[in-house]
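So the chains spell out like this:
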Amino acid sequence: NPYAGLVNHLRAAWLSGKTRPMEYRVAQLEALGRFLDEKKQEILEATASDMGKPSFEAYFTEILLCKNELNITLNNLAHWMKDEHVDKSLMTQLDSAFIRKDPYGVVLIIAPWNYPIHLFLVPLIGAIAAGEPNLLEMQEKLMPALREAITEFFGSNPRESPDFGRIVGDKQFRRVRALLCSGRVAIGGQTDEKERYIAPTVLADVLPSDPAMQEEIFGPILPIVVVANMDEAIDFINARPRPLAVYAFSCDSKVRAAPCYRRSGCWGIHTPLEVSQTPPNESGPVLCVAGNSGLGKYHGKFTFETFSHHRGCLHRNMGLEALNTLRYPPYTQQKLGFLTATFEIKRKGMCTLL
């Protein structure tokens, strides 16, 4: 493993304790901010060379959003790191009880935004109003709007657009191209292996068993699966591994709310640009991921919490150790009665009859 030495070095640094103080963390974050400023042009050139990423998107997703997260953290780190004092029982009134936020240790974080921010991220589940006589007719009504949007974004020939990227590598290009056999190509479908180019593509009449529905796409392909109603759409999603996000586009508030309350597990409901709307407070928007997409909550304070272990601590006043004899053998009913009265937590609103 060519990275074994680096990982061992990082673990040794963490075990030494030097990375834990706030001053060290601040210095590292500030250094990362300087790196983003000093290497901005190299980052833009690298993403353009690797996958044809437009400098607009690269600056926005790889530099600006990252700097925003850095500054939010720098502005709030001292507050986030403070011990959180908790309520105490009668037996610990003279002690100090708190939660300390300990870092988990060495983790690998991979930063690039790996798909076009305005293109297709997840399959489109087409739900229609009850009573519509022809489901496939509704699918076809959607096509002109999708075609118009693609032309508006990238022109009549997206291959010539400076704003349309490429697949990052040959292996990934072949993997994404193989998905074009799913359903029927309704829009796009053109490819060029030499350029690793795949046109913005819409697949119609896609079946749940088709290859495009068996894996994450990470490419400019939108499969459309037609369903009869919202119940069927929710059942379709629940029967599969948790997706990273759901986008509910509808004028009907009930349709927009349904995925929030009827999907098992944890998932985000936002479009990509909403993640950029980070308010100048300590939290920011939250992205929740679970299952195949990952674990945890991210952005702002949520990122700090995800990588911190909340450790319960108690600093005991040993001058009162005599009180602890109630907990030690030999046990008696008198000791049990006293400890029960001291530690028992009663439900609010309930009374005890004397």
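Computed from a prediction, not measured in an experiment: that's the story for all the values here.

**Thoughts on the side chain of Thr47**
Here is step 1 of the chain: With respect to the helices and strands, the residue Thr47 is situated in helix 3 (residues 40-51).
Here is step 2 of the chain: Residue Thr47 is classed as buried on the basis of its relative accessible area, which comes to 11%.
Here is step 3 of the chain: Of the polar contacts made by the side chain of Thr47, one reaches the backbone oxygen of Leu44; its length is 3.1 Å.
Here is step 4 of the chain: Non-local contacts of Thr47, meaning those with residues more than four positions away in its chain, are made with Gly52, Lys53 and Ala58.

**Let's talk about the sheet that holds strand 1 (residues 84-85)**
Here is step 1 of the chain: If you walk across this open sheet you meet the three strands as 1-2-11, and the pairing is antiparallel. Because the sheet does not close on itself, it has two edges, and the strands there are strand 1 and strand 11 (308-315).
Here is step 2 of the chain: The sheet contact formed by strand 1 and strand 2 (residues 96-103) spans two bridges and is antiparallel. Bridging from a neighbouring strand, His85 pairs with Phe98 of strand 2.

**Re the pairing of strand 2**
Here is step 1 of the chain: Pairing geometry for strand 2 and strand 11, over eight bridges, is antiparallel. If you follow Ser96 over to strand 11, its bridge partner there is His315.

**Points about the packing of helix 3 against helix 4 (residues 55-81)**
Here is step 1 of the chain: At a minimum axis separation of 9 Å, helix 3 and helix 4 run at an interaxial angle of 120°. Considering their axes alone, helix 3 and helix 4 lie oblique with respect to each other. The handedness of the crossing between helix 3 and helix 4 comes out as right-handed. In this structure, helix 3 contributes Lys40, Ile43, Leu44 and Thr47 to the contact, and helix 4 contributes Ser55, Ala58, Tyr59, Glu62 and Ile63.

**Notes on the packing of helix 2 (residues 22-38) against helix 4**
Here is step 1 of the chain: One way to put it is that helix 2 packs onto helix 4 with a least axis distance of 10 Å and a crossing angle of 165°. As judged from the angle between their axes, helix 2 and helix 4 are roughly antiparallel. In terms of crossing hand, the pair formed by helix 2 and helix 4 is left-handed. On helix 4, the residues touching Met22, Arg25, Val26, Leu29, Glu30, Leu32, Gly33, Leu36 and Asp37 of helix 2 are Glu62, Ile63, Cys66, Lys67, Leu70, Thr73, Leu74, Leu77, Ala78 and Met81.
Here is step 2 of the chain: Among the residues making up the contact of helix 2 with helix 4, the classes are represented as twelve nonpolar, two polar and five charged.

**Some details on the pattern of salt bridges**
Here is step 1 of the chain: Scanning all chains against the criterion turns up 14 salt bridges.
Here is step 2 of the chain: A salt bridge links Arg100 to Asp83; the shortest N-O distance between them is 2.6 Å. A residue pair is termed long-range when its members are at least 10 positions apart, and Arg100 in strand 2 and Asp83 in the loop between helix 4 and strand 1 qualify at 17 residues.
Here is step 3 of the chain: You can call Arg100 partly exposed: its relative accessible area is 30%.
Here is step 4 of the chain: Exposure remark for Asp83: the relative accessible area of 28% places this residue in the partly exposed category.
Here is step 5 of the chain: Note that Arg311 is salt-bridged to Asp102, the shortest N-O span being 2.6 Å. Here Asp102 lies in strand 2 and Arg311 lies in strand 11, a separation of 209 residues in the sequence.
Here is step 6 of the chain: Taking the relative accessible area as the measure of exposure, Arg311 reaches 33% and is therefore partly exposed.
Here is step 7 of the chain: Since its relative accessible area comes to 12%, Asp102 is described here as buried.

**Here's the deal with helix 10 (residues 333-343)**
Here is step 1 of the chain: All buried positions along helix 10 are accounted for by Lys335, Leu339 and Thr342. Taken end-on, helix 10 shows its buried residues confined to a sector of 60°, consistent with a single buried face. Among the exposed residues of helix 10, those pointing more than 90 degrees away from its buried face are Gln333, Gln334 and Ala341.

**Section: unusual backbone geometry**
Here is step 1 of the chain: For the bond from Pro329 to Pro330, the omega torsion is 0°, close enough to zero to count as cis.
Here is step 2 of the chain: On the secondary structure map, Pro330 appears in the loop between strand 11 and helix 10.
Here is step 3 of the chain: Non-glycine residue Asp205 carries a positive phi angle of around 55°.
Here is step 4 of the chain: Mapped onto the elements, Asp205 comes out in the loop between strand 7 (201-204) and strand 8 (221-226).
Here is step 5 of the chain: The phi dihedral of His299 is positive, around 95°, even though this residue is not glycine.
Here is step 6 of the chain: Of note, His299 is situated in the loop between strand 10 (296-298) and helix 9 (301-306).

So, how was this worked out
Residues numbered from 1 in each chain as written. Predicted model: local features only at pLDDT ≥ 70, side-chain atom pairs only at ≥ 80, totals over all residues. Heavy atoms only, no water. Helix = DSSP H or I, 4+ residues; strand = E, 2+ residues; numbered from the N terminus. Buried < 20%, exposed > 50% of the residue type's maximum accessible area, 1.4 Å probe, protein only. Polar contact = N/O pair within 3.5 Å; in protein donor to acceptor, adjacent residues only side chain to side chain. Contact = heavy atoms within 4.5 Å. Pairing = 2+ DSSP bridges. Axes fitted to C-alpha atoms, helices over the stretch in contact; angles between N-to-C directions. Parallel < 35°, antiparallel > 145°, perpendicular 65-115°, else oblique. Left-handed = near helix turned anticlockwise from the far one by under 90°. Nonpolar A, V, L, I, M, F, W, Y, C, P; charged D, E, K, R; others polar. Salt bridge = Lys/Arg side-chain N within 4 Å of Asp/Glu carboxyl O. Arc of directions from axis to C-beta.

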